[in-house]
Structure formats: C-alpha cells, structure tokens
2 protein chains.
Amino acid sequence: MHFRKTTEYAIRVMVFLAENAGKRFSVNALNKTLDIPYKYLGRLMNQLAQKGLVEVTQGKYGGYLVNADRLSEIYLYQIVDAVEGLQDYDRCILGFPQCSDENPCALHHLWMEQREAIKNMLYSNSLADLLKNNFSRR
Amino acid sequence: MHFRKTTEYAIRVMVFLAENAGKRFSVNALNKTLDIPYKYLGRLMNQLAQKGLVEVTQGKYGGYLVNADRLSEIYLYQIVDAVEGLQDYDRCILGFPQCSDENPCALHHLWMEQREAIKNMLYSNSLADLLKNNFSRR
DNA sequence: TTTAATTACCACCTTTCGGTGGAATATACA
DNA sequence: TGTATATTCCACCGAAAGGTGGTAATTAAA
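Residues numbered from 1 in each chain as written. Chains lettered and ligands numbered in written order. Predicted model: local features only at pLDDT ≥ 70, side-chain atom pairs only at ≥ 80, totals over all residues. Heavy atoms only, no water.

A. A look at the overall build of chain A. The number of helices and strands found in chain A is 6 helices and 2 strands. Ordered by position from N to C terminus, the α and β elements of chain A give α-α-α-β-β-α-α-α. A principal-axis box enclosing the C-alpha atoms of chain A has dimensions of 60 × 30 × 20 Å. Looking at chain A alone, contacts between residues at least 24 apart form 62% of all its contacts between residues at least 6 apart. (Helix = DSSP H or I, 4+ residues; strand = E, 2+ residues; numbered from the N terminus. Contact = heavy atoms within 4.5 Å.)

B. Region of the structure containing the protein's contact with DNA strand C. DNA strand C sits among 27 residues. The nearest are Gln58(A), Tyr64(A), Thr6(B), Lys39(B) and Gln58(B). Note that a phosphate oxygen of DNA strand C is positioned 2.7 Å from one of the side-chain N or O atoms of Tyr64(A). Measuring from a phosphate oxygen of DNA strand C, one finds a backbone N or O atom of Lys5(B) at 2.9 Å. Elements with a contribution of two residues or more to the surface near DNA strand C: helix 3 (38-50), strand 1 (55-57) and strand 2 (63-65) of chain A together with helix 1 (5-19) and helix 3 (38-50) of chain B. (Near = heavy atom within 4 Å. Polar contact = N/O pair within 3.5 Å; in protein donor to acceptor, adjacent residues only side chain to side chain.)

C. Summary view of the relation of the copies chain A and chain B. The two copies are related by a screw operation: chain A maps onto chain B through 180° of rotation and 0.0 Å of translation along the axis, at an RMSD of 0.1 Å. Taken together, the rotation and translation describe the operation of a two-fold axis. Among all residues of chain A, the one whose C-alpha sits closest to the rotation axis is His2(A), at a distance of 2.9 Å. When the interface residues of chain A are mapped onto chain B, 100% of them again lie at the interface, so the same face is used by both copies. (Least-squares fit on C-alpha atoms with pLDDT ≥ 70 in both.)

D. Molecular detail of the interface of chain A and chain B. Listed as interface residues are 33 residues of chain A and, on the opposing side, 33 residues of chain B. Counting each side, the surface lost to burial between chain A and chain B is near 3,500 Å², with a carbon and sulfur contribution of 66%. Looking at the side of chain A facing chain B, the largest losses of area belong to Met1(A), His2(A) and Leu110(A), adding up to 24% of the total buried there. At the junction of chain A with chain B, the criterion picks out 2 salt bridges. Between Glu8(B) and Arg91(A) there is a salt bridge whose closest N-O contact spans 2.9 Å. Viewed at the interface, chain B and chain A are joined by 5 residue pairs in polar contact (both at pLDDT 80 or more). Contributions of two or more residues to the side of chain A that touches chain B are made by helix 1 (5-19) and helix 5 (108-124) of chain A. With 8 residues, helix 5 of chain A is the largest single contributor of residues to the side of chain A that touches chain B. Along the lines of polarity and charge, the residues of the side of chain A that touches chain B split into 19 nonpolar, 6 polar and 8 charged. (Buried area = accessible area lost by both parts, 1.4 Å probe. Salt bridge = Lys/Arg side-chain N within 4 Å of Asp/Glu carboxyl O. Nonpolar A, V, L, I, M, F, W, Y, C, P; charged D, E, K, R; others polar.)

E. Quick look at the pattern of salt bridges. Following the criterion strictly, the structure yields 12 salt bridges over all chains and no others. With its nearest N and O atoms 3.2 Å apart, the salt bridge here joins Lys119(A) to Asp90(A). On the criterion of sequence distance, the pair formed by Lys119(A) in helix 5 and Asp90(A) in the loop between helix 4 (76-83) and helix 5 is long-range, its members being 29 residues apart. Note on Asp90(A): relative accessible area 54%, which makes it exposed. Put simply, Glu8(A), Asp88(B) and Arg91(B) are held in one network by salt bridges that share partners. (Buried < 20%, exposed > 50% of the residue type's maximum accessible area, 1.4 Å probe, protein only.)

F. Inspection of the packing of helix 1 of chain B against helix 3 of chain B at higher detail. Residue and element names in this part refer to chain B. Taken N-terminus to C-terminus, the directions of helix 1 and helix 3 make an angle of 70°; their axes are 11 Å apart at the nearest point. Judged by the inter-axis angle, helix 1 sits roughly perpendicular to helix 3. Taken together, the residues of helix 3 that come into contact with helix 1 (itself represented by Thr6, Tyr9, Ala10, Val13, Met14 and Leu17) are Tyr40, Leu41, Leu44, Met45 and Leu48. Taken together, the residues of the contact of helix 1 with helix 3 sort by class into 10 nonpolar, 1 polar and no charged. (Axes fitted to C-alpha atoms, helices over the stretch in contact; angles between N-to-C directions. Parallel < 35°, antiparallel > 145°, perpendicular 65-115°, else oblique.)

G. Layout of the environment of Leu30(A). All names here are of chain A. Topologically, leucine 30 is positioned in helix 2 (residues 27-34). With relative accessibility at 0%, the residue leucine 30 sits in the buried group. The contacts of leucine 30, once residues within four sequence positions are left out, are Phe16, Leu17, Phe25, Asp35, Leu41 and Met45.

Any functional reading would require information that these geometric values do not contain.
Structure below.
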C-alpha cells in the first residue's frame, strides 16, 4: 500500500514551495535541497506547471514558484491527481466489476472505509492547512 | 494509492479458498474461476504455500487448500506481507529520514493516521472475520 | 548582440512488476 | 509400471515506472 515515488516527489516539492511561497527556485536549486534526481525533477516540474499547480518562468533567473495567495486553493488531491490520477480510489480491491454497496465483496466495507478516509484527507487539506499544522481530519 | 496487482490477486485467491475451506483446487480450477493468469497464478500459489498460508499437495488430484480451522489464524497482514511486504507502512511520505512524532514533516500526523488505520485493518481481520461479514474496525 | 542560466522537448536507458513457455518432478490410480 | 494430471523450477518476455543525456528554445543582463 503506497503512493508512487513520483507522487511522493510531487508532494515533497509542493510542500517545499509552499513553505517558501513567493520565492522562485530553479530545478537545480530544488534538486540540491530536495534530493530528487535532477532530470526527473525537471520533467516533474514541467508537469506540475502544465497542470497549473506551480508558476513557471523560463530563461535566465527563471524557475518555479507557488504564490502565497494560492496556498489555500491547492489541495493534496490535485497534486496526486496531477501525477498518478485518482482512479485507484474507486476500484474493488478484489477486482470484481459488479462490486458495490448493494452487492459487496468480502472486503468491500472494510476497504471502502479506508479509501474514503484517505480521499477525505486528500480533499480536505490544502497546502495552507499543512503549513498551519492545522490538519483537517475530515 | 494502491496495492500491487499481485497483492490483489493474493487476497482474491485467499478469500476464495476461505469461502471454500477444506476443498482442494488446482491452479487450473482457480484460474478459471478467479480470472488470474494461469502461469502467474501458479507462481503465486507456490509462494503462498511456501509462506505457509495455504496447504499444497503435488501430483495428480493435487492442488491448494485452506483448512477451515485455520481461517481464524490467517490475517490480512500476512497475505500482504507474503507478497509485497509491510515496509511501506513505516516510511515518511516526504522521504525525510529524520521524520518522527517529535520531529514531524508537514504531513506526518495526517499520514500516520491513515497508515495506522490501514495497518489496524490488516492486523485485526482474519479470513474468518471476512467470511462472517463481521469486519473488525480496530 | 553575445553570453550564461534557465526551462522544454525528445529519445533512450534501467529496474521492477506482471506475465509466459517449457521441461522436470511428483503422485494417484488403472 | 505406465499414464494422466498436478506442482515446481528456470529462463525469458513485455510493459510501465523511474531515471539519464543531449540539444533547442527562452530570457536577463553585461
């Protein structure tokens, strides 16, 4: 049970940029402080920029940033969605296509509960919430 | 956020064998009812047998089974552990090696809570619990 | 206008996971 | 003891995820 490595990278970068909101960082700088492979990180940042999660400026002294006034608009689920998608949260763990609340597999209720809890966490916490250490549990 | 496909296969097989406890099934039979690739399933069953989660008999009329009196001894965590391991449940999601309750990363508390909930689910539900539709939440 | 620092893009490499093929071995039973 | 039906084992294949290298495009500033 885990997020993809890429997802962890994405969250790591976004949290860092949030902590330093308004400041611009080159991939080089991010690579040095965040321990994510340079080239891979470059591609990831590009992806996050295209999804609108970070602002980018090209050329010399360019780089990526998150504006302070956007912190409360960027939620964890958007970061996860940008890199690995959210499909996994609606599949039966036993792979039964007809699995539902009415026709549940042996793990349905159990599994639903966990999935919903994680979903809730992702949907109810913005970068601002994380910084405030003001985590929303539901 | 997801289990490996192999883990889903393993759970699927174990639940099926639990529902038919005491009956022996060849890989061929399991393959037909469970929609898991024949050869891959063979290897998986072998793995589960070696970990002691199923009983195996070789040769003609051989196959795999779970004894009814073991249903309450086999927990979900053992199945997960047998195929993908349990390491992931103790790593910082932001990859900070020094992350701990005392020195938490921005997601520590939030993430801990989810992980612990999943762990609890895996550690407190045996095959017997699943069959009873008597899921234990903690 | 040149240079340096940067992102963007494209192709490829490596590792891991999921999946396949084939032969060796085991076993029940006719 | 022969045969059919199993598991076991080993090597390989293919796809996806993670990671690298090189070059073109962009931009600030000397």
